[in-house]
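Chain by chain, the residues run as shown.
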Amino acid sequence: LVTIDVARGEVVGRLKLSLWPRHLSLSPDGRTLWVGLGTASPRFAVVDVSQPEQPLLRGTIAPPFPMHDVVIAPGGRRAWVTSGTARTIAVYDVQSGRVLRELPSDEAPQHVTFLDGRAFVTSGGSGTLRVYDEPSATLLHRASIPVGSYNVQYADGVVLTPSLYAGTLCVVDANGRVRSKVRVASSSHDACLA
């Protein structure tokens, strides 16, 4: 794990982790980083980054399945951890590091983003997008999206999910309805709103 001062363009800190860092999520207060360790990892790392020049490993947590993605919700109280091998998601209490709830999902791996108090979970293998009420983890909506739509981002009141296989970009509203689907290339891996 490397800390970079982006203004100066310099590496200012390093932390060796037991496995290779893959997905990561920073708490809203900027002090704690949860780091997935691979694509289907038996553990994820909890890192203190309150002093970015000296990232400190607080410990690791073993999820109930080999994990893939980890995203701390905007309120900072819960983290959503997805599976790299199973059709399930675990919702964690960030303070205690304990699983609050396990949810059924579609084919692994899944990815998560948040918008307007909702969690959006993609399954690129199944071609689905699930929308949950984030605080209660209640399923609100399920939509079909192109197979290969793994990554998911939010921006400016919409959710974006590109497809590796279809080369499309879907724009989804806060209710989980696909508002537009645009073919952008032969393959599309990630997206952001400029």
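Summary of the structure given here.

Conventions used here
Residues numbered from 1 in each chain as written. Predicted model: local features only at pLDDT ≥ 70, side-chain atom pairs only at ≥ 80, totals over all residues. Heavy atoms only, no water. 1 Å grid on protein atoms, 1.4 Å probe; cavity = no way out; pocket = protein on both sides within 12 Å on 5 of 7 lines; lining within 4 Å. Points joined across faces, edges and corners; volume = space filled by probe spheres on them. Helix = DSSP H or I, 4+ residues; strand = E, 2+ residues; numbered from the N terminus. Nonpolar A, V, L, I, M, F, W, Y, C, P; charged D, E, K, R; others polar. Pairing = 2+ DSSP bridges. Axes fitted to C-alpha atoms, helices over the stretch in contact; angles between N-to-C directions.

This part covers the layout of surface pockets. By volume, the largest pocket is sized at about 460 Å³. For the lining of the largest pocket, the secondary structure elements donating two or more residues are β3 (24–26), β7 (67–72), β11 (110–115) and β15 (153–155). Volume-wise, the second largest pocket comes out at about 250 Å³. Broken down by secondary-structure element, the contributors of at least two residues to the lining of the second largest pocket are β4 (32–36) and β6 (56–61). In terms of residues, the lining of the second largest pocket owes the most to one element, β6, which gives four residues. Class assignment for the residues of the lining of the second largest pocket results in five nonpolar, eight polar and three charged.

Moving on to the sheet that holds strand β8 (residues 78–83). The strand order β7-β8-β9-β10 describes an open sheet built from four strands, whose pairing is antiparallel. Each edge of the open sheet carries a strand with a single partner, namely β7 and β10 (98–104). For this sheet the average axis-to-axis angle between neighbouring strands, irrespective of direction, equals 20°. The pairing of β8 with strand β9 (residues 88–93) spans five bridges and is classified as antiparallel. Each bridged residue has a counterpart across the sheet, and for Thr82 the counterpart in β9 is Ile89.

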